[in-house]
Every structure is written in C-alpha cells, then in structure tokens.
Amino acid sequence: MQNTTLCYLEHQNQYLMLLRNKKKHDINKQKWIGIGRLTRNPEIRTTPSGKTVASLVLAVDRPFLNEQGKREADFIPVVIWGKTAELVGNSCAKGHRLLVEGRLQIRNFDAKDGTKHWVTEVIANSVEFIERKEQAKKMTDMGQSVSFDNEEVDF
C-alpha cells in the first residue's frame, strides 16, 4: 500500500473511496459503499448464458437535512451477479436494509427514438444483510433505539 493514495470523491451526493496507484502502469480503482433499504423486491433473471443477475434499488439517506429539516434519500440502482444474486433474490424483500460494496458504473445507450440515455449504477462485489424492516419496527416498539448514524463500521 505504500504506492497507493486514498482519495474521496463526491458524486451525486455519494462518497466514492478511490485507491489511486502512484505507479503509471497500474490502473486506478474505485469503491462504492452504501447502506440503505430496498425500495422494492429484487428482480432476478437468468442471462442466455445461464448467469443469474439481480437488479434492485437501494434508498440511501443523504448525510444532511434539507431546508425543511427532513432527511432526503438517493435511489441507487444496484446490479448483483452469480450466487450472491441468487441469495439476495431468495432472502431479501422490500424494506430490508443492506450494506452494498461495489464499483460505480456509468454507461450509455441509444434509445429507439435515437436519443442517448445515461445510466449510473453500482455493480456489487458483496452484499451484507443488516436487518429486515420488521426487526427495526419490533426493536423500536420495545423502546430500543435502532440508529446506525454514529456507529463506526469497519470495512
């Protein structure tokens, strides 16, 4: 790691952790980490080559309040491949809280009407199940606080 510099970049209110190699022949790397809730059940499909892929949208709170004192969220599209996609598809549903680690991918395509569309999404490397929505409700109903805002998470 002595030839690596750690940088943080803000993109669409999400912080990217970039590891930049000082050596000219090494490539730059980026990492996206986010904790949020599923906005809907994951969509699972199989490609023609037999690979499993899951698509989901993660609602990630912004680290500040808006002018009305409310917390806003960004809705991050996430793509998961392979066995992890199968596990997420079989185990997760709308409202579940996940920690996703991956890389940011920005791509474009031409629509049928000839317009160019840009897509920003996270390609997940790993997914951790944090809690189900029902678990958080039960804990708050019992008078226990469920807050991860000030908790340190080791990566």
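This structure is a prediction, so every number in the text was calculated from the model and none was measured.

Rules used in this analysis
Residues numbered from 1 in each chain as written. Predicted model: local features only at pLDDT ≥ 70, side-chain atom pairs only at ≥ 80, totals over all residues. Heavy atoms only, no water. Salt bridge = Lys/Arg side-chain N within 4 Å of Asp/Glu carboxyl O. Helix = DSSP H or I, 4+ residues; strand = E, 2+ residues; numbered from the N terminus. Buried < 20%, exposed > 50% of the residue type's maximum accessible area, 1.4 Å probe, protein only. Core = buried A, V, L, I, M, F, W, Y, C linked by side-chain atoms within 4.5 Å. Contact = heavy atoms within 4.5 Å.

## Here we look at the pattern of salt bridges
Moving on, step 1. A full pass over the atoms with the stated rule returns five salt bridges.
Moving on, step 2. Close ionic contact of Glu-72 with Arg-62 constitutes a salt bridge, the shortest N to O distance being 2.9 Å. One end of the pair, Glu-72, is in strand β6 (residues 71-81); the other, Arg-62, is in strand β5 (residues 52-65), and 10 residues separate them in sequence.
Moving on, step 3. Taking relative accessible area as the criterion, Glu-72 reaches 33% and is therefore assigned partly exposed.

## Description of the nonpolar core
Moving on, step 1. Core analysis: the biggest nonpolar cluster contains 18 residues, and Leu-56, Leu-58, Val-78, Ile-80, Leu-98 and Val-100 have the highest contact counts within it.
Moving on, step 2. If you list the elements that add at least two residues to this core, you get β3 (29-38), β5, β6, α1 (82-91), β7 (97-110) and β8 (116-131).
Moving on, step 3. Take this core: its biggest share by element is four residues, from β5.
Moving on, step 4. Every residue in contact with Leu-98, bar those within four places of it in the chain, is listed here: Gly-34, Ile-35, Gly-36, Leu-38, Leu-56, Leu-58, Cys-92, Val-127, Glu-128, Phe-129 and Ile-130.

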